[in-house]
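Structural description and commentary
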Amino acid sequence: MTLPSLLLLVITALCSLPSSDAFAWPFVSMTHHHHFISAIDRRCAPSSSSSPSSFALCMSNEDGSDTSSISKDRSPSIYTPLDRPLLAIVDTFSLTIFAAIGKSSHSSDGSLDLLAILVTAFPFITAWLATSPVTSVYSPDERSENMIATTAAKVLNGWALAVPLGVALRGVIKGYVPPVPFIFVTLISTLIILVGVRVLFNVMEDFFVELVN
């Protein structure tokens, strides 16, 4: 038997051997890989209306990964006044009202000094906004049947830290420890005003949302 005939016989015998998952000839593996890549290219091929994010989503789904859990993990857990600027303005207004009521009660003729009101409200507004990432007072509202209770609970969470800190900041600015009656009046009045104004804000917000929809 000549050498070319022997080589032809060997090649024919090798090609006739069955391939399996555990063993496959290199050209068979390359063919399967080519078909797999071609299938992905056809399924994930970008169209004129597709975006890079949709292509990435298609590629991630090829390995069976759960993209919904990834999107949930990316949801923010820290909320600042920038997340809800209108509500931050409402809270600032509430604390300014508290300062205005306090200043008018100490005025002999009931007149209001705008500068004195802002100076009084400043430590409380600063403490409220600065601690908001910790207290989550600007996180999305949980809508429930008892809106007043959920609003009061969220405000109470921020009030418990921000208002005592505001009292301490006011003491530092004034240079003396605030009297105990002032502390008690401040704690009670700020809680009532903050909760009341926020409840009113939520009612108005729901009204306008239903009006638009």
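A brief look at the structure comes next. (Residues numbered from 1 in each chain as written. Predicted model: local features only at pLDDT ≥ 70, side-chain atom pairs only at ≥ 80, totals over all residues. Heavy atoms only, no water.)

Thoughts on the packing of helix 6 (residues 114-135) against helix 7 (residues 147-174)
Remark: helix 6 packs on helix 7, axes separated minimally by 7 Å, with the N-to-C direction vectors making an angle of 140 degrees. On the basis of the axis angle, helix 6 is oblique to helix 7. Between helix 6 and helix 7 lies a crossing whose hand is right-handed. Here the residues of the contact of helix 6 with helix 7 sort into 14 nonpolar, 6 polar and 1 charged. (Axes fitted to C-alpha atoms, helices over the stretch in contact; angles between N-to-C directions. Helix = DSSP H or I, 4+ residues; strand = E, 2+ residues; numbered from the N terminus. Parallel < 35°, antiparallel > 145°, perpendicular 65-115°, else oblique. Left-handed = near helix turned anticlockwise from the far one by under 90°. Nonpolar A, V, L, I, M, F, W, Y, C, P; charged D, E, K, R; others polar.)

Structural notes on helix 7
Taking 1.5 Å of rise per residue, the 28 residues of helix 7 would be expected to cover 40 Å, and the 38 Å separating its terminal C-alpha atoms lies within 8% of that figure. Bending of helix 7 peaks at approximately 40 degrees at the position of Trp 159. Buried residues of helix 7: Met 147, Thr 151, Lys 154, Val 155, Gly 158, Trp 159, Ala 162, Val 163, Gly 166, Val 167, Arg 170 and Gly 171, and no others. (Expected span 1.5 Å × (residues − 1). Bend = angle between axes of the 7 residues up to and from the residue. Buried < 20%, exposed > 50% of the residue type's maximum accessible area, 1.4 Å probe, protein only.)

Considerations on the side chain of Arg 170
In this structure, Arg 170 sits in helix 7. It turns out Arg 170 is buried and unbridged, and the closest side chain with the opposite charge, Asp 113, is 12 Å from it. Setting aside residues up to four positions removed in sequence, Arg 170 forms contacts with Thr 120, Pro 123, Phe 124 and Phe 182. (Lys, Arg positive; Asp, Glu negative; His and termini not counted. Salt bridge = Lys/Arg side-chain N within 4 Å of Asp/Glu carboxyl O. Contact = heavy atoms within 4.5 Å.)

As for helix 6
Given a rise of 1.5 Å per residue, 22 residues ought to cover 32 Å, and the 29 Å separating the end C-alpha atoms of helix 6 matches this to within 8%. Every buried residue of helix 6 is listed here: Ile 117, Thr 120, Ala 121, Pro 123, Phe 124, Ile 125, Ala 127, Trp 128, Thr 131, Ser 132 and Thr 135. Contact partners of the buried residues in helix 6: helix 5 (85-106), helix 7 and helix 8 (180-212). Backbone nitrogen of Leu 115 and a side-chain oxygen of the N-cap are separated by 3.3 Å at the start of helix 6; the cap is Asp 113. Just downstream of helix 6, Ser 136 is the residue with a positive phi angle, here 60 degrees. (Polar contact = N/O pair within 3.5 Å; in protein donor to acceptor, adjacent residues only side chain to side chain.)

Here we look at the nonpolar core
Ranked by internal contacts, the top residues of the largest apolar core, which has 27 residues, are Leu 87, Leu 95, Phe 124, Trp 128, Tyr 138, Val 155 and Leu 194. At 7 residues, helix 5 tops the list of elements feeding residues into this core. Sequence-distant contacts of Trp 128, defined by excluding residues within four places in its chain, comprise Asp 91, Leu 95, Val 137, Tyr 138, Val 155, Gly 158, Trp 159, Ala 162, Leu 194 and Arg 198. (Core = buried A, V, L, I, M, F, W, Y, C linked by side-chain atoms within 4.5 Å.)

Here's the deal with unusual backbone geometry
Even without being a glycine, Ser 136 presents a positive backbone phi close to 60 degrees. Positionally, Ser 136 belongs in the loop between helix 6 and helix 7.

Concerning the side chain of Arg 198
Within the secondary structure, Arg 198 is located in helix 8. Looking at Arg 198, the relative accessible area reads 3%, which means it is buried. The contacts of Arg 198, once residues within four sequence positions are left out, are Leu 87, Asp 91, Trp 128, Val 137, Tyr 138, Thr 151, Lys 154 and Val 155.

Some thoughts on the packing of helix 5 against helix 6
Where helix 5 meets helix 6, the closest approach of the two axes is 8 Å, and the angle between their N-to-C directions is 140 degrees. The pairing of helix 5 with helix 6 is recorded here as oblique in orientation. Of the two elements, helix 5 crosses helix 6, and the hand of that crossing is right-handed. Residues Ala 88, Asp 91, Thr 92, Leu 95, Thr 96, Phe 98, Ala 99, Ala 100 and Lys 103 of helix 5 pack against Ala 116, Ile 117, Thr 120, Ala 121, Phe 124, Ile 125, Trp 128 and Leu 129 of helix 6. The class makeup of the residues in the contact of helix 5 with helix 6 is 12 nonpolar, 3 polar and 2 charged.

Considerations on the layout of surface pockets
Of the pockets and cavities examined, the largest pocket occupies roughly 300 Å³. Lining the largest pocket are 15 residues, with Gly 102, Lys 103, Ser 105, His 106 and Phe 182 positioned closest to its centre. Going through the elements one at a time, helix 5 and helix 8 are the ones with two or more residues in the lining of the largest pocket. Sorting elements by how many residues they give to the lining of the largest pocket places helix 5 first, with 7 residues. Of the residues assigned to the lining of the largest pocket, the class counts are 7 nonpolar, 6 polar and 2 charged. The volume enclosed by the second largest pocket comes to roughly 190 Å³. Every residue along the wall of the second largest pocket is listed here: Leu 87, Ser 139, Pro 140, Asp 141, Glu 142, Arg 143, Met 147, Thr 150, Thr 151, Lys 154, Arg 198 and Asn 202. (1 Å grid on protein atoms, 1.4 Å probe; cavity = no way out; pocket = protein on both sides within 12 Å on 5 of 7 lines; lining within 4 Å. Points joined across faces, edges and corners; volume = space filled by probe spheres on them.)

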